[in-house]
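The chain contents come next:
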Amino acid sequence: MPYVPAPDLASLSLAEIAELSAARKLPPVEQWNPQDSGDSLMVIKADGRWFHDGGEIRKPAMIRAFSGLLRRDEHGQHWLVTPHEKQSIVVEDAAFIATDVTRTGDALAFRLNTDEVVLSGPANPLTARGDAETPALYLTVRHGTEARINRSTWLQLVELADEDLTVTSQGTTFSLVPA
């Protein structure tokens, strides 16, 4: 089956975004605790590109498939998890990149570089790191993984922000600059 990109984020209602999220049935990696482990020889670069054994993975469908198996443990190590084995994966910054944002109702909807859509809020908070001169903003995605907000998306958020550079999504307020 060929890969079909998701529609334009700004054209979707909150109900359509929720429907898109529900339609992507992700494996229950949080329920899997395999004893066997290894090294996947995979790296997710800071710019969001995926590599295996030095060669870039260029097929979006493969990246989407692998991204559904990602989990990050309490020590910050990322893993590709199946019911039988977990393999470590090097993540230089964040597992995902947030490439677009739109306000839909009372929620901020982010598109990731994997074409997934994530609504920020209590379950998927935004976190500002770095300092006021070089802020870095991250969105919690799932299973401990995060998406780094890219520059153009951060500028979109600034346009949506209040005067104090905060945004509110699903009743939770987030600062766009580190404390």
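Note that the coordinates shown come from a computational prediction; the quantities given were computed from them, not determined experimentally. (Residues numbered from 1 in each chain as written. Predicted model: local features only at pLDDT ≥ 70, side-chain atom pairs only at ≥ 80, totals over all residues. Heavy atoms only, no water.)

J.: Give a description of the sheet that holds strand 12 (residues 146-149) that names residues and reports values.
T.: Read across the sheet, six strands follow the order 9-8-7-12-11-10 without closing on themselves; strand pairing throughout is mixed. In this open sheet, the two strands that pair with only one neighbour each are strand 9 (117-119) and strand 10 (126-130). Mean inter-strand twist for the sheet, computed between neighbouring axes without regard to direction, equals 40 degrees. This element, helix 3 (residues 151-160), spans strand 7 (96-104), strand 8 (107-112), strand 11 (135-140) and strand 12 of the sheet and lies at about 25 degrees to strand 7. (Pairing = 2+ DSSP bridges. Helix = DSSP H or I, 4+ residues; strand = E, 2+ residues; numbered from the N terminus. Axes fitted to C-alpha atoms, helices over the stretch in contact; angles between N-to-C directions. Contact = heavy atoms within 4.5 Å.)

J.: Quick rundown of the sheet that holds strand 2 (residues 50-52)? Include the residues and the values.
T.: In spatial order, the strands read 3-2-1-6-5-4; together these six strands make up an open sheet with mixed pairing. At either end of the open sheet lies a strand with only one pairing partner, and these are strand 3 (55-57) and strand 4 (70-72). Each strand of the sheet is rotated relative to its neighbour by a mean of 40 degrees, with strand direction disregarded.

J.: Lay out the pattern of salt bridges with the relevant residues and their values.
T.: Scanning the model with the defined rule gives eight salt bridges in all. Among the ionic pairs, Asp47 bridges to Arg49, the shortest N-O distance being 2.8 Å. Take Asp47: its relative accessible area is 47%, and that puts it in the partly exposed class. Classification of Arg49 as partly exposed rests on a relative accessible area of 36%. With a shortest N-O distance of 3.6 Å, Glu146 and Arg72 are connected by a salt bridge. With Glu146 in strand 12 and Arg72 in strand 4, the pair connects residues that are 74 residues apart, well separated along the chain. A relative accessible area of 8% places Glu146 in the buried class. One salt-bridge network, in which partners are shared between bridges, spans Asp47, Arg49, Glu56 and Arg58. (Salt bridge = Lys/Arg side-chain N within 4 Å of Asp/Glu carboxyl O. Buried < 20%, exposed > 50% of the residue type's maximum accessible area, 1.4 Å probe, protein only.)

J.: Residue-level account of unusual backbone geometry, with values.
T.: Glycine aside, negative phi is the norm for most residues, and most peptide bonds take the trans geometry. The backbone of His143 sits at a positive phi, close to 50 degrees, despite the residue not being glycine. Relative to the helices and strands, His143 resides in the loop between strand 11 and strand 12. You will see that Leu165, though not glycine, has its phi angle at about 60 degrees, which is positive. Relative to the elements of secondary structure, Leu165 occurs in the loop between helix 3 and strand 13 (166-169).

J.: Give me the environment of Gly171: which residues, what numbers.
T.: Take Gly171: it is sitting in the loop between strand 13 and strand 14 (172-175). The exposure class of Gly171 is exposed, given its relative accessible area of 65%. Considering only alpha carbons, one finds Gly171 and Ala107, 64 residues apart in sequence, at a separation of 8.3 Å.

J.: Help me get a handle on the nonpolar core, residues and values and all.
T.: The biggest cluster of nonpolar side chains holds 33 residues, and the ones touching the most others in it are Trp50, Leu70, Phe110, Leu126, Ile149, Leu157 and Val167. Setting aside residues up to four positions removed in sequence, Ile149 forms contacts with Ala98, Phe110, Leu126, Leu137, Tyr138, Leu139, Trp154 and Leu157. (Core = buried A, V, L, I, M, F, W, Y, C linked by side-chain atoms within 4.5 Å.)

J.: Got a sec to walk through the pairing of strand 10? Specific residues and values, please.
T.: Bridge count between strand 10 and strand 11: five bridges; the pairing is antiparallel. The partner of Ala128 across the bridge, within strand 11, is Leu137. Count of turn residues in the strand 10/strand 11 antiparallel hairpin: four residues.

Spatial relationships are all this shows, so hold off on functional conclusions.
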